[in-house]
Amino acid sequence: MAEGNTFLLKIITPDRIFYEGEASMVEFNTTEGEIGIYREHVPTTVIVAPGILTITEDGGEKDAALHAGFAEILQDKVTIMAEVIEWPTEIDLERAEEARRRAEERLASKTPETDVARAETALQRAIARIAVKK
């Protein structure tokens, strides 16, 4: 278990354990805004929103594109259950740019058939992928 100023961070997807290790801080977006978590954080559960997840470890920072899920925050452990999360090496920049263009086009055209919430989420995911890759 975590000691000192670190806590155990575990990020799980439906098909793998994405990350498990000691972190001094983790930052990501929630439906209520951006959150930064240190050891001894007030226990809570939050819903993850698309954006960049930053893990701060002894060796520096690691970024990933986090798309959706929820997080359980305890004083010495944070568990993120993610639908999708990707390291920069797993992201196809050309595909992400095309997804961004498609989402922007859907939002700009806004026909009665346009699912605006879905298009906005797709845009947020594409922007997160592009930012992490660059």
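Residues numbered from 1 in each chain as written. Predicted model: local features only at pLDDT ≥ 70, side-chain atom pairs only at ≥ 80, totals over all residues. Heavy atoms only, no water.

**Here we look at the pattern of salt bridges**
For clarity, the cut-off: Salt bridge, as used here: a side-chain nitrogen of Lys or Arg that lies within 4 Å of a carboxyl oxygen of Asp or Glu. The helix and strand labels rest on DSSP assignments: H or I over at least four residues marks a helix, E over at least two residues marks a strand, and numbering proceeds from the N terminus. Per-residue accessibility, obtained with a 1.4 Å probe over protein chains only, is compared with the maximum for each type, and a residue is labelled buried under 20%, exposed over 50%, and partly exposed between these values.
Here the structure, examined in full by the defined rule, presents nine salt bridges. With a closest N to O distance of 3.9 Å, E20 and K10 form a salt bridge. Of this pair, E20 sits in strand 2 (residues 16-23) while K10 sits in strand 1 (residues 7-13), placing them 10 residues apart in sequence. Classification of E20 as partly exposed rests on a relative accessible area of 47%. Among the charged side chains, a network of salt bridges with common partners joins E97, R100 and E104.

**Observations concerning the environment of K10**
To be explicit about the condition: Residues count as neighbours in contact if any of their non-hydrogen atoms are within 4.5 Å of one another.
Residues K10 and T30 lie 20 residues apart in sequence; the distance between their C-alpha atoms is 17 Å. Those residues in contact with K10, other than ones at most four positions away along the chain, are I17, Y19, E20, V78, T79 and I80.

**Remarks on the nonpolar core**
We apply this condition: Among the buried residues, those of types Ala, Val, Leu, Ile, Met, Phe, Trp, Tyr and Cys that are joined through side-chain atoms within 4.5 Å form a nonpolar core.
Counting 23 residues, the largest nonpolar core has L9, I11, F28, L53, I55 and I80 as the members making the most contacts within it. Secondary structure elements with two or more residues in this core: strand 1, strand 2, strand 3 (25-30), strand 4 (33-37), strand 5 (44-48), strand 6 (51-57), strand 7 (60-73) and strand 8 (77-86). Every residue in contact with I11, bar those within four places of it in the chain, is listed here: R16, I17, F18, Y19, L53, I55, I80, A82 and I85.

**Looking at the packing of aromatic side chains**
Let me state the cut-off plainly: In this analysis, rings of Phe, Tyr and Trp, with Trp reduced to its six-membered ring, are considered paired at centre separations within 6.5 Å, and the interplanar angle assigns stacked below 30 degrees, edge-to-face beyond 60, and tilted for intermediate values.
Taken as a whole and assessed by the stated rule, the structure comprises one aromatic pair. Relative to W87, the ring of F18 lies with its centre 4.3 Å away and its plane at 20 degrees, an arrangement referred to as stacked. Of this pair, F18 sits in strand 2 while W87 is found in the loop between strand 8 and helix 1 (93-109), placing the two residues 69 residues apart along the sequence. Note on accessibility: F18 and W87 belong to one class, buried.

**Structural notes on unusual backbone geometry**
Positive phi, close to 70 degrees, is recorded for E40, a residue that is not glycine. Considering the arrangement of structural elements, one finds E40 in the loop between strand 4 and strand 5. Classification of E40 by relative accessible area gives partly exposed; the value is 48%.

**Focus: helix 2 (residues 116-133)**
As a reminder of what qualifies: Here a helix's expected span is defined as the number of its residues, less one, multiplied by 1.5 Å.
Its 18 residues place the ends of helix 2 26 Å apart at the C-alpha level, agreeing with the 26 Å of an ideal helix rising 1.5 Å per residue. Among all positions in helix 2, only A119, L123, A126, A128, I130 and V132 are buried. Each element contacted by the buried residues of helix 2 is listed here: strand 6, strand 7 and helix 1.

**Considerations on the environment of T13**
Test applied: Under this definition, polar contacts are N or O atom pairs within 3.5 Å; protein pairs additionally need one hydrogen-donor-capable and one acceptor-capable atom, and for neighbouring residues in sequence, both atoms have to be side-chain atoms.
Inspection of the secondary structure puts T13 in strand 1. Relative accessible area serves as the criterion here: at 8%, T13 is assigned to the buried category. Separated by 56 residues in the primary sequence, T13 and G69 have C-alpha atoms spaced 8.9 Å apart. When neighbours within four sequence positions are excluded, T13 is seen to be in contact with F18, A82, E83 and I85. Only 2.7 Å separates the side chain of T13 from the side chain of D15, close enough to count as a polar contact.

Keep in mind these numbers describe shape, not what the thing actually does.
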